[in-house]
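Here is how the chains run, residue by residue.
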Amino acid sequence: FARMFVQVCLYFYCKCLWRCLKFVVRKLTGQCELQRICYNTKPGAARTMKIEASLKGSKSRRLQTSVNVHPDAIEKTIDDIMELKRINPDVNPQLGVSLQACLLQIVGYRNLTAEVEKLRREPYDSENPQHEEMLLKLWKCLKPNSPLKARISKQWCEIGFQGDDPKTDFRGMGLLGLYNLVYFAEWDTEIAQQVLCDSLHPKYREVTKKELSQLSKAEWEKKKFDKAIGYSFAIVGINITDLAYNLLVSGALKTHFYNVAPEAPTLTHFQQTFCYLMHEFHKFWIDEDPLDIMEFNRVREKFYKRILKQLQNPEMALCPHFAASESLINM
């Protein structure tokens, strides 16, 4: 009964009291909610997410659907919003610019999610020359001094695939997994090659008395290597693609993208985020010092929760070298 009473009160508050409160505030300030958000909240995720929530929560169907328009219709949508809210664009010229930036980000995030989902659903086709070309590019970027002897080869295991034909490893993430790996290897080549090297060649380290007292001989034999315990580079890359995908479709990456993309976030932004996650996971794996590869799921889940917690901060930008541009700051 108590739970039902609370739900009724919340419903009454959301449907009646909150709308009345907004009406009173508008009369007192002479500004609608969209104006107050744009004028009192700095650009970035904090502003865009408030604008998105305000539009979706509006009683007007036109405002609710404004977050789903085609990018080419955004300017017309801004005019409709200004007209519906009875805002004079000549008196409030900056408001239209700010709303347009927010809508570009909101619509762009939706379109990016659809584009990523399309790539994820497209299976790798060994009969497709473009797919094959991308796969061979991955090898050349990661192993430039070691020619691939054959398309079907045990050499693929050297970059972390499970068998002699990588196409079977892309089933979970489809082409998206390959796109991300190739982007990482091509644009962050030095880091990608170093991560691959670490995953293949862990280094020996000295045992401490404390560790020796806590571990059995068999356990120490597994743990006596450097903290970079080996793992399958390509398989982990596909797994981190899955992690990035889940962050995207859940909406968690809105904080990051709304802070780094002055307009619509693109597939490149997503791939840059993947590169960051790969590098950060590698460091996190080393710091966690797992006993063996069987601890991968535990470490991945802990890493995922850490990223989620970081993204709860509305000012968070995961990639420091993709900070918000001056055009966003001045908007």
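These figures come from a predicted structure and were not determined experimentally.

Regarding the overall build of the protein chain
In step 1: Counting its regular elements, the protein chain contains 16 helices and 0 strands.
In step 2: For the protein chain, with 331 residues in total, the buried portion stands at 44%.
In step 3: Here the analysis covers contacts within the protein chain between residues at least 6 apart in sequence; of these, 67% occur between residues at least 24 apart.
In step 4: With an accessible surface of roughly 18,300 Å², the protein chain has 55% of that area assigned to carbon and sulfur atoms.

A few points about the environment of tyrosine 183
In step 1: Note on placement: tyrosine 183 falls in helix H8 (residues 174-187).
In step 2: On a C-alpha basis, the gap between tyrosine 183 and lysine 137 in space is 10.0 Å, while along the polypeptide they are 46 residues apart.
In step 3: In contact with tyrosine 183, other than residues within four places in its own chain, are Asp188, Thr268, Gln271, Gln272 and Cys275.

Some details on the packing of aromatic side chains
Two aromatic rings, taken as a pair, are described by how far apart their centres are and by the angle between their planes.
In step 1: Following the criterion strictly, the structure yields 15 aromatic pairs and no others.
In step 2: Ring geometry for phenylalanine 281 versus tryptophan 285: centroids 6.1 Å apart, planes at 40 degrees, classification tilted. Remark: tryptophan 285 and phenylalanine 281 occur in helix H14 (residues 267-288); sequence separation between them is 4 residues, near one turn of the helix. The two residues phenylalanine 281 and tryptophan 285 agree in class, both being buried.
In step 3: Seen in terms of ring centroids, phenylalanine 281 and phenylalanine 296 are 5.6 Å apart; in terms of plane orientation they differ by 65 degrees. Their pairing is edge-to-face. Taken together, the positions of phenylalanine 281 in helix H14 and phenylalanine 296 in helix H15 (residues 296-311) put the pair 15 residues apart, joining distant regions of the chain. Phenylalanine 296 carries the same exposure label as phenylalanine 281, and that label is buried.
In step 4: Linked through ring pairs, Tyr231, Phe281, Phe284, Trp285, Phe296 and Phe303 together constitute an aromatic cluster.
In step 5: Cation over ring: lysine 254 sits above tyrosine 109, and NZ or CZ is 5.6 Å from the ring centre.

Structural notes on the pattern of salt bridges
In step 1: The full count for this structure, using the stated rule, is 17 salt bridges.
In step 2: Glutamate 315 is paired through a salt bridge with lysine 42; the nearest N and O atoms lie 3.2 Å apart. Remark: lysine 42 occurs in the loop between helix H2 (33-40) and helix H3 (45-56) and glutamate 315 occurs in the loop between H15 and helix H16 (326-329); sequence separation between them is 273 residues. The two residues glutamate 315 and lysine 42 agree in class, both being exposed.

As for the packing of helix H12 (residues 233-249) against H15
In step 1: For the pair H12 and H15, the least separation of the axes is 11 Å and the interaxial angle reads 35 degrees. At the point where H12 passes H15, the crossing takes the right-handed sense. Counted together, Val236, Asn239, Asp242, Leu243, Asn246 and Leu247 of H12 and Phe296, Arg300, Phe303, Tyr304, Ile307, Leu308 and Leu311 of H15 form the full contact between these two elements.

Observations concerning the state of the cysteines
In step 1: Applying the stated criterion to the full structure yields 0 disulfides.
In step 2: Counting only cysteine sulfurs, cysteine 38 is the nearest neighbor of cysteine 32, a cysteine outside any disulfide, at a range of 8.4 Å.
In step 3: Assessed through its relative accessible area of 1%, cysteine 32 is described here as buried.
In step 4: In this model cysteine 275 remains outside any disulfide bridge; the closest cysteine sulfur is found in cysteine 319, 8.4 Å from its own.
In step 5: On the basis of relative accessible area, cysteine 275 is assigned to the buried category, the value being 4%.

Some words on unusual backbone geometry
In step 1: Residues other than glycine seldom take positive phi values, yet arginine 86 does so here, at roughly 55 degrees.
In step 2: Positionally, arginine 86 belongs in the loop between helix H5 (74-84) and helix H6 (93-121).
In step 3: Residue classification places arginine 86 among the exposed positions, given a relative accessible area of 76%.
In step 4: Within the chain, aspartate 289 stands out as a residue other than glycine whose phi angle is a positive 55 degrees.
In step 5: Locating aspartate 289 in the fold gives a position in the loop between H14 and H15.
In step 6: By relative accessible area, which is 15% here, aspartate 289 ends up buried.

What counts as what
- Residues numbered from 1 in each chain as written.
- Predicted model: local features only at pLDDT ≥ 70, side-chain atom pairs only at ≥ 80, totals over all residues.
- Heavy atoms only, no water.
- Helix = DSSP H or I, 4+ residues; strand = E, 2+ residues; numbered from the N terminus.
- Buried < 20%, exposed > 50% of the residue type's maximum accessible area, 1.4 Å probe, protein only.
- Contact = heavy atoms within 4.5 Å.
- Areas by Shrake-Rupley, 256 points an atom, 1.4 Å probe, with all protein chains shown as cover.
- Phe/Tyr/Trp six-rings, centres within 6.5 Å; stacked < 30°, edge-to-face > 60°.
- Lys NZ or Arg CZ within 6 Å of the ring centre and 35° of its normal.
- Salt bridge = Lys/Arg side-chain N within 4 Å of Asp/Glu carboxyl O.
- Axes fitted to C-alpha atoms, helices over the stretch in contact; angles between N-to-C directions.
- Left-handed = near helix turned anticlockwise from the far one by under 90°.
- Disulfide = S-S within 2.5 Å.

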